[in-house]
Amino acid sequence: MRLDNRYRIHPFALGGSLGLVFFLILFGTNSIRPENIAWLLLPDNQDAIQHFVGWEFFRYEPWHFPFGLITNYGYPVPTSIVYTDSIPILALLFKCLSPWLPENFQYFGLWFVLCFFLQGVFAWALSTCITKDNLIKACITLFFLMSPIMLNRMIEHQALVAHWVILAAFWLYIRPYQSNSNQLWLALNTLTVLIHAYLSVIVLTIWAAFMWKQIVIDSLMNRYQAMKWVLITIATLWIAAWVCGYFVVPLFHIMNAGGYILNAMNLLAPFMPSSGAFIIPDNWSRFIPPFQPQYIEQGDEGFNYLGIGILLLCAVCLYTIYRHPLTKKTITSYLPLLSVCTLLVIYSLSNNLYIGQHLLFSYALPEKAEAITNMFRASGRLFWPAYYFLMITIFFTLNTRVKKPLFTSLLIGALVLQAADLSTKMMALHKRLAITTPTENVSMWKNVKGHYSRIVFIPAIRRPDRHIKHFSDFIHYAAKHNMSVNIGYFARQSHQENVKATKISTLEVLHGNLSEDTLYVIPNPDLAFILKAHLGTKDTITSIGKNTVLYRTPIRTNASVITKKKPCWRQSLIRSHKSLPGLKYSLYFAARLTI
């Protein structure tokens, strides 16, 4: 693959400008406004709430070490901005600026702008390695900006919109080796680990292919130099990961997550759209009907639809390769990259290969491999390098084998088809990001401020976002008022430790020893009924939203007070349990209803 090496840095700003204009035209400016948090707090989007609330908890509590540590969210078991997916590098930056920021502040819209700008920059850089024609460069850049797998992450996983780091890695691989190549790789790897772990794994695999190429194929680096840069990179990444909080959660809990097969890619995913992000149900294609995967998670994490425009160009590319095969030199030069992409594709498919809802075949994995598959369970994401490598290969092949006027016409036609194919979904994204009306129920909290420093949910429920009504309102209020919450929604967590800690609060309620600084929230009405019989004269039981709340210090509240009912057989049964073991058994029985 012979590339045009006569490129400069400054023209790449054209690609960045194209990315910026593309974002502003398509998605507007509502999401960019830092004070507009409404689009992040919609109750049907728990991932966005997790990211934003994680930032709020981190912002309002004191600095700790490691710097990314969060102590109030999931208290007393600490977590970090890494496991709330709050884009650690931005969270650290804006916490330093917090005293000068408005009360309601979000940086995720600004993050989108930066990602689209840099996606344009590195897409233009890659196109410069392919052609000198600016029109062709613009068309190639627009294809990368219109990437369905990037757009799909804008609603649920904001950190994963940073696909520009993948394009940057490809650019560093393709461009000729220079004296600053190793420094740039080190900077990119360090930056990526401060954005998201999955992106870091992807960039590291492309870097491994680059090192292979420089040592074995091009002989531009000896083994001593390679070992030096490998050790420097490992040390730098370890420090960066430590500082932002990767090691806060014990490795055992990270490797015990599960879900590798559920989150894998379906074999139909590149050619037919699946559901994509759960939040917006509109189909990703106007022309190709969606397929139904075996597991619903495959439609989200395994989403890898190429788009009808790229599929058309892929067909033309295969025909030209059939007529004029790639040279041995080209294949050799890109063998390392092809090899690591192939390995990642195999991983992304998992050990159960599905085509639609039909199991094609499966194979057993070594027992030790489960540590890796549980750690990186969203395996469908690891198809992304192959996805972009395929696009680069298509553009390069057609540019070298098709006459320029025909290639330009093909690109423009395919680009129009791609835009038409994805238009329904892109309009749905536009409407979603344009939301400015808050959905939070503020009135139920107006008399609570200043009285409490903790919110304790009984029992400690895994994935409370799915099982507790108005959970997002509770944690958002707690974050803004520097209160601690004993449970939360995290990418990885020590759930067993949360359960142990909550048992102490449960015994407090059983003995009538409610802490005056704590609101006790009981989502299960049966459990609330049991606890009601053991409250003292100073204790009050009310309902906030759909949840029962206990507290020691009486407060004025607009929440409706639960009126006492006539004794029934359940109440008589509970009162007959004079001994603590009997009470514990009743509590355990009711608590199991919500776990």
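## Notes on the side chain of Ser80
One can find Ser80 in strand 2 (residues 79-80). At a separation of 2.9 Å, a polar atom in the side chain of Ser80 contacts the main-chain carbonyl oxygen of Gly245. Look past the residues within four positions of Ser80 in its chain and what remains in contact with it is Gly68, Leu69, Ile70, Cys244, Gly245 and Val248.

## Let's talk about the pairing of strand 4 (residues 358-362)
Both strand 3 (residues 352-355) and strand 4 contribute to a ladder of 4 bridges, which runs antiparallel. Of the residues in strand 4, the one forming a bridge with Asn352 is Ser362. From the end of strand 3 to the start of strand 4, which pair antiparallel, there are 2 residues, and Gly356 there has a positive phi angle of about 65 degrees.

## Concerning the pattern of salt bridges
Charged atoms that come close allow side chains of opposite charge to pair. Under the definition given, this model contains 6 salt bridges. Two residues, Arg432 and Asp44, come together in a salt bridge whose shortest N-O distance is 2.6 Å. Here Asp44 lies in the loop between helix 1 (12-27) and helix 2 (46-60) and Arg432 lies in helix 18 (residues 404-433), a separation of 388 residues in the sequence. One salt bridge connects Glu301 with Arg153, and the closest N-O pair in it is separated by 3.1 Å. With Glu301 in the loop between helix 12 (296-300) and helix 13 (308-323) and Arg153 in the loop between helix 6 (148-151) and helix 7 (164-174), this residue pair connects regions lying 148 residues apart in the sequence. The burial state of Glu301 is the same as that of Arg153; both residues are buried. The structure contains a network of salt bridges with shared partners spanning Arg153, Glu301 and Arg381.

## What to know about the nonpolar core
Most often, soluble globular proteins have nonpolar side chains that are buried together. Grouped together as the largest cluster of nonpolar side chains are 162 residues, with contacts concentrated most on Phe116, Tyr388 and Phe395. With 13 residues, helix 4 (residues 108-128) is the single largest residue contributor to this core. Contact partners of Phe116, with chain neighbours within four places excluded, come to Gly19, Phe22, Phe23, Phe27, Leu145, Met150, Leu151, Met154 and Val161. In this structure, Val509, Leu514, Tyr520 and Ala528 belong to the second largest nonpolar core, which totals 11 residues.

## Here's the deal with the packing of helix 9 (residues 197-217) against helix 10 (residues 223-244)
At a minimum axis distance of 11 Å, the contact between helix 9 and helix 10 shows a crossing angle of 165 degrees. Put simply, helix 9 runs roughly antiparallel to helix 10. The element helix 9 and its partner helix 10 pack so that their crossing is right-handed. Contact residues: Leu204, Trp207, Met211 and Ile215 in helix 9; Ala226, Trp229, Val230, Thr233 and Leu237 in helix 10. By residue class, the composition of the contact of helix 9 with helix 10 is 8 nonpolar, 1 polar and no charged.

## Focus: the confidence of the model for the chain
Across the chain, the average pLDDT comes to 85, with 87% of residues at or above 70. For the stretch residues 554-595, pLDDT sits under 50, and the model shows 63 contacts to residues farther than four places along the chain or on other chains.

## Regarding the packing of aromatic side chains
Applying the stated rule across the entire model yields 37 aromatic pairs. Ring geometry for Phe143 against Phe395: centres 5.6 Å apart, planes inclined by 40 degrees, an arrangement best described as tilted. Of the two residues, Phe143 is situated in helix 5 (residues 134-145) and Phe395 in helix 17 (residues 384-401); the sequence distance between them amounts to 252 residues. Neither residue differs from the other here; Phe143 and Phe395 are each classed as buried. Taken together, the aromatic side chains of Phe58, Trp63, Phe65, Phe67, Trp238, Trp242 and Phe247 make up a single cluster linked through ring pairs. Sitting over the ring of Tyr173, Lys213 keeps its end group 5.6 Å from the ring centre.

So, how was this worked out
- Residues numbered from 1 in each chain as written.
- Predicted model: local features only at pLDDT ≥ 70, side-chain atom pairs only at ≥ 80, totals over all residues.
- Heavy atoms only, no water.
- Helix = DSSP H or I, 4+ residues; strand = E, 2+ residues; numbered from the N terminus.
- Polar contact = N/O pair within 3.5 Å; in protein donor to acceptor, adjacent residues only side chain to side chain.
- Contact = heavy atoms within 4.5 Å.
- Pairing = 2+ DSSP bridges.
- Salt bridge = Lys/Arg side-chain N within 4 Å of Asp/Glu carboxyl O.
- Buried < 20%, exposed > 50% of the residue type's maximum accessible area, 1.4 Å probe, protein only.
- Core = buried A, V, L, I, M, F, W, Y, C linked by side-chain atoms within 4.5 Å.
- Axes fitted to C-alpha atoms, helices over the stretch in contact; angles between N-to-C directions.
- Parallel < 35°, antiparallel > 145°, perpendicular 65-115°, else oblique.
- Left-handed = near helix turned anticlockwise from the far one by under 90°.
- Nonpolar A, V, L, I, M, F, W, Y, C, P; charged D, E, K, R; others polar.
- pLDDT = per-residue confidence, 0-100.
- Phe/Tyr/Trp six-rings, centres within 6.5 Å; stacked < 30°, edge-to-face > 60°.
- Lys NZ or Arg CZ within 6 Å of the ring centre and 35° of its normal.

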